[in-house]
Amino acid sequence: MATSRQSLGFLFLVLILLSENILLRSTLADGVTAEEARQLRDEVREMFYHAFDGYMDHAFPLDELRPLSCGGEDTLGGYALTLIDSLDTLALLGDRERFTASVEWIGKNLQFDINKTVSVFETTIRVLGGLLSAHLIASDYATGMKIPSYDNQLLNLAEDLARRLLPAFDTSTGIPFGSVNLLHGVDEHESKITSTAGGGTLTLEFGVLSRLTNDPIFEQVTKKAVLGLWARRSKLNLVGAHINVFTGEWTQKDAGIGTSIDSFYEYLLKAYLLFGDEEYLYIFQESYQAAMHYLFNDPWYVEVNMDSAAIVWPLFNSLQAFWPGLQVLAGDIDPAIRTHAAFFSVWKRYGFTPEGFNLATLNVQHGQKSYPLRPELIESTYWLYKATRDPRYLDVGRDMVASLQHGAKCPCGYCHISDVEFHKKEDHMESFFLAETVKYLWLLFDLAAGPDNLVENGPYKYVFSTEGHLLPATPQISLTRERCSYFGAHCKLGDSKRESDSSDVSVDPQETNGSRFDGSWVHSRFPSDSFLESTPVSGLIKGLCPGLTHGQKYGITYVPSSDTVPEDLSAAQREPAVVQSHSVVVVSDHGAHYLQSKPNCYHDNTQELSQGGSETNPT
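Residues numbered from 1 in each chain as written. Predicted model: local features only at pLDDT ≥ 70, side-chain atom pairs only at ≥ 80, totals over all residues. Heavy atoms only, no water.

Caption draft 1: Spotlight on the overall build of the chain. Each helix and strand counted, the chain has 21 helices and 21 strands in total. Expressed as a percentage of the 619 residues in the chain, the buried residues total 63%. The long-range fraction of contacts in the chain, counting pairs at least 24 apart against all pairs at least 6 apart in sequence, stands at 73%. With an accessible surface of roughly 22100 Å², the chain has 49% of that area assigned to carbon and sulfur atoms. (Helix = DSSP H or I, 4+ residues; strand = E, 2+ residues; numbered from the N terminus. Buried < 20%, exposed > 50% of the residue type's maximum accessible area, 1.4 Å probe, protein only. Contact = heavy atoms within 4.5 Å. Areas by Shrake-Rupley, 256 points an atom, 1.4 Å probe, with all protein chains shown as cover.)

Here is the structure:
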C-alpha cells in the first residue's frame, strides 16, 4: 500500500521533527596550515606509491593487488586494470618517468582480442576512460607530459575496445546489456536486466572517443541509452534502479541517488559541461528538481518508489556521498554543505563510511558493513573546499588520511575493510583507490598548499569522469557543432539560433564565495530558459528552434506504461519543488543529534563521532 508523503512513518523523520529548536554549531577548525597541507600532500603521494609499487611489484600485469598477502588477481578482464586506471594519476603527480614507461608498455602489450565477458559499465569507466585520459595527456605538449615516441597507441586501443562493447547496445530500447564478451559479443543467455547507472554512465567516455575519432556512432549509442532511460521515467520525473533492456519495464522501482542510479545523474550534468549539449542540461534540471523534492530529507537522502514517492529505504549508502560534489558543480552549495556534514558524521563514528547506514535505527545496515576504499566522500570534500575555501574541509581530509593510514594500510597496499565496526581487513584493493581515492586527497591538499598541477594550473578546464579520470575541455572535444535537427522536432535552418563557441560559465578567479571558484564550472543557480535559448549546443542536438517547449524541442516523451500515479498522490507530490528545509542530523556514539543549521558553514560545537579504526571492504 502506498504511503503518503505527509505520513512518512519512519522513526528517523519523526526524530528530525523533534529537533527543530536545537542549534547545531561547528567546532572551530583546527587550522591546517599551509605547511601542514604540504606535509599531508606529500603523505598522500607516499600513500599512492606504497599501493602503486605494491601492485607493480606483486600483482602486475594481473588486474588488481592483494595488499595483505602481496599477490594479484584478475577481477575484470585480465588486462592490467590497475595500471590503466592509474595512468592519469601518475601524470597528475608529475611522474614523467613512470607515466612514460606505463604508456609505452600498454601500447606494446595490451590487446582486447580476448575471450572475456566483461561489465560494460566498469570497462567503460575504468579502462576506456583511463586510456582516453592518458592519450589526451601523452599526446599534447600543453600538458607538459607529452611523450615524444607516443603515436596514438592508447587511442587505437580505446577505439578497438569501444567497438567490442558496441554489440551490448543492440537492444530494442537502446539501453545496453550489462555485460558483453570482447570476442563474441553478447551471450545468448546474458541477463536482460541492467542498472540505470550501468546504462546511463557511458556518455563522457564514448562522447570523447567520437570526437577524437570523428566517428559519431559511439556518442549516438550512449545518448540513445540515456534517452531510453529518461523516456521511461515516472510521472514524478524519477527513475528506478533496474530495467529490462528489451521491454523497458522497470524491474526495481526504487528511486534514489545512490546504488545503481548515482552516476546517471552525474553524467547528465557533466556531459553538458564537457560537450555543451543542452539536452543533457535540460534532463539534469528536471531530474535534479525531482530528486530534491522526493528524495531529499534534509540533510539525508532516502529511496522511494518511483511512481508513488512512498519511502522504501530510509538509508544512507556510501555511493550517495558523491552528491554534494555534484551539487557544487551545479552551484547548489548550501544543501551540499549540510549533507556533507551529515555524511562525514558517519565517517567520524566508524572511521569510515559503511556501505549502508540505517537512518531509522541509526546503526550500520545489516549486510552492508564494509568500506571498499570508496572515494565519494573524499571527492565531495575536495569540491566543497574548492568552492568555499573553508579550512574545515582540510580538517576533514586530515581525518580521512589518518583513517586510511591507521586502519587500512597493509604490507603491500591498502585493504578493504570488511566490517567498519570491528575494522577487520580484507585482502583486496580496488583499482579506483589509485584512480580516485588518493587522487582527490592529493588534489585537496595541493590546492591548499598552492596548486601546481594539470587540473588547477593546466591549459584546460577538466571534467572528472565517475572514475576520476581527467577529460579536458579542449576545442576538439567541446567544439560546438550546430545544425537544426532534433529528436521529434524540426525547424528551418534559418530559425536556429547560432552563437559563438564560448565557455559555459564565466569564472572570476577571485570568487570563492560558495557559488563560483577558480578553474571550475559553478552555476550560482540553474540557467533560465533565456540562458538555454542562447547557449551553443553540440552532439546530436544542433541548434534551437524558437517558440517550442523543451519537450517539443527535444522530443522527450513518456513511453506508454500500464503504471499510473496513485489517486491519493498529493498536489505537492505532483508538482515537484526543491526542498528548502535546513535541518541537519549528525550521528554520534550515543544516538543522533538533530539540529537546526545555518547555511554556508559547518556548525560550532558539533558533537563528533568516535573515530574508531579505519578500514575498508568491497560491495
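Caption draft 2: Spatial organisation of helix α3 (residues 81-92). The element α3 is extensively covered by neighbouring structure, given that twelve of its twelve residues are classed as buried. Regarding α3, the residues found buried are Leu81, Thr82, Leu83, Ile84, Asp85, Ser86, Leu87, Asp88, Thr89, Leu90, Ala91 and Leu92. The positive-phi residue at the C-terminal boundary of α3 is Gly94, with phi of around 75°.

Caption draft 3: The sheet that holds strand β5 (residues 193-195), seen in detail. Reading across from one edge, β5-β6-β7 is the order of the three strands in this open sheet, with antiparallel pairing throughout. Of all the strands in the sheet, just β5 and β7 (250-252) have a single pairing partner and so form its edges. Taking the axes of each pair of neighbouring strands and ignoring which way they run, one obtains an average angle of 35° across the sheet. Note: strand β6 (residues 242-244) against β7, two bridges, orientation antiparallel. Residue pairing in the sheet places His242 in a bridge with Gln252 of β7. (Pairing = 2+ DSSP bridges. Axes fitted to C-alpha atoms, helices over the stretch in contact; angles between N-to-C directions.)

Caption draft 4: Looking closely at the sheet that holds strand β13 (residues 315-317). An order of β13-β14-β15 is seen for the three strands of this open sheet, with the pairing classed as antiparallel. Here the strands that pair on one side only, and so sit at the sheet edges, are β13 and β15 (363-364). Bridge count between β13 and strand β14 (residues 356-358): three bridges; the pairing is antiparallel. For Asn317, the partnering residue across the bridge sits in β14 and is Gly356.

Caption draft 5: Structural detail: the pattern of salt bridges. Considering all chains together, one arrives at 27 salt bridges under this definition. The residue Glu35 makes a salt bridge to Arg38 at a minimum N-O spacing of 2.9 Å. With a gap of three residues between them, Glu35 and Arg38 both fall in helix α2 (residues 34-58), about one helical turn apart. Two residues, Arg66 and Glu73, come together in a salt bridge whose shortest N-O distance is 3.2 Å. Several salt bridges converge on common partners, so that one network encompasses Glu64, Glu122, Arg126 and Glu430. (Salt bridge = Lys/Arg side-chain N within 4 Å of Asp/Glu carboxyl O.)

Caption draft 6: Here's a closer look at helix α10 (residues 262-275). Between its first and last C-alpha, α10 extends 20 Å over 14 residues, near the 20 Å set by a 1.5 Å rise per residue. For α10, a buried count of 14 out of 14 residues is recorded, marking the element as mostly surrounded by other parts of the structure. One or two steps after α10, the chain reaches Gly276, where phi turns positive at roughly 75°. (Expected span 1.5 Å × (residues − 1).)

Caption draft 7: Fine view of the packing of helix α13 (residues 333-350) against helix α14 (residues 376-388). At a minimum axis separation of 11 Å, α13 and α14 run at an interaxial angle of 140°. Taken together, the axes of α13 and α14 lie oblique to each other. The handedness of the crossing between α13 and α14 comes out as left-handed. Facing α13, whose interface residues are Ile333, Ala336, Ile337, His340, Phe343, Phe344 and Trp347, α14 presents Leu377, Ser380, Thr381, Leu384, Ala387 and Thr388. By residue class, the composition of the contact of α13 with α14 is nine nonpolar, four polar and no charged. (Parallel < 35°, antiparallel > 145°, perpendicular 65-115°, else oblique. Left-handed = near helix turned anticlockwise from the far one by under 90°. Nonpolar A, V, L, I, M, F, W, Y, C, P; charged D, E, K, R; others polar.)

Caption draft 8: Structural context of the nonpolar core. If you look at the biggest cluster of nonpolar residues, it comprises 173 residues, and the most contacted ones within it are Phe99, Phe206 and Trp323. For Trp323, the residues in contact, after removing those within four places along its chain, are Ile257, Tyr265, Tyr288, Ala291, Met292, Tyr301 and Ser380. (Core = buried A, V, L, I, M, F, W, Y, C linked by side-chain atoms within 4.5 Å.)

Caption draft 9: View of the environment of Phe99. Relative to the helices and strands, Phe99 is located in helix α4 (residues 96-109). Among the residues examined, Phe99 registers a relative accessible area of 0% and is labelled buried. In this structure the C-alpha to C-alpha distance between Phe99 and Ile147, which are 48 residues apart in sequence, comes to 9.0 Å. Ignoring sequence-local partners within four residues, the contact set of Phe99 consists of Leu87, Leu90, Ala91, Ala134, Ile137, Ala138, Met145 and Ile147.

Caption draft 10: Layout of the pairing of strand β16 (residues 416-419). Where β16 lies against strand β17 (residues 424-426), three bridges are found, and the strand directions are antiparallel. Counterpart to Ile417 in the pairing with β17 is Lys425.

Caption draft 11: View of unusual backbone geometry. Going from Phe60 to Pro61, the amide bond is cis rather than trans, its omega being 5°. Its place among the elements puts Pro61 in the loop between α2 and β1 (64-66). With an omega of 10°, the peptide bond running from Asp298 to Pro299 counts as cis. For Pro299, the location among the structural elements is in the loop between β9 (296-297) and β10 (300-301). Positive phi, normally seen in glycine, also occurs at Leu373, with a value near 65°. Under the relative-accessibility criterion, Leu373 is labelled buried at 0%.

Caption draft 12: Examining the packing of aromatic side chains more closely. The tally for this structure, following the rule as stated, stands at 29 aromatic pairs. Residues Phe352 and Tyr371 carry aromatic rings whose centres are separated by 4.7 Å and whose planes lie at 15° to one another, so their mutual orientation is stacked. Separated by 19 residues along the polypeptide, Phe352 in the loop between α13 and β14 and Tyr371 in the loop between β15 and α14 bring together distant segments of the chain. Residue Phe352 is classed as buried on the basis of its relative accessible area of 0%. Residue classification places Tyr371 among the buried residues on the basis of a relative accessible area of 0%. A connected cluster of aromatic rings, assembled from ring pairs, spans Phe264, Tyr265, Phe284, Tyr288, Phe296, Tyr301, Phe322 and Trp323. Here the guanidinium or amino end of Lys146 rests over the ring plane of Tyr141, the centre of that ring lying 4.9 Å away. (Phe/Tyr/Trp six-rings, centres within 6.5 Å; stacked < 30°, edge-to-face > 60°. Lys NZ or Arg CZ within 6 Å of the ring centre and 35° of its normal.)

Function cannot be inferred from these measures alone, as they are strictly geometric.
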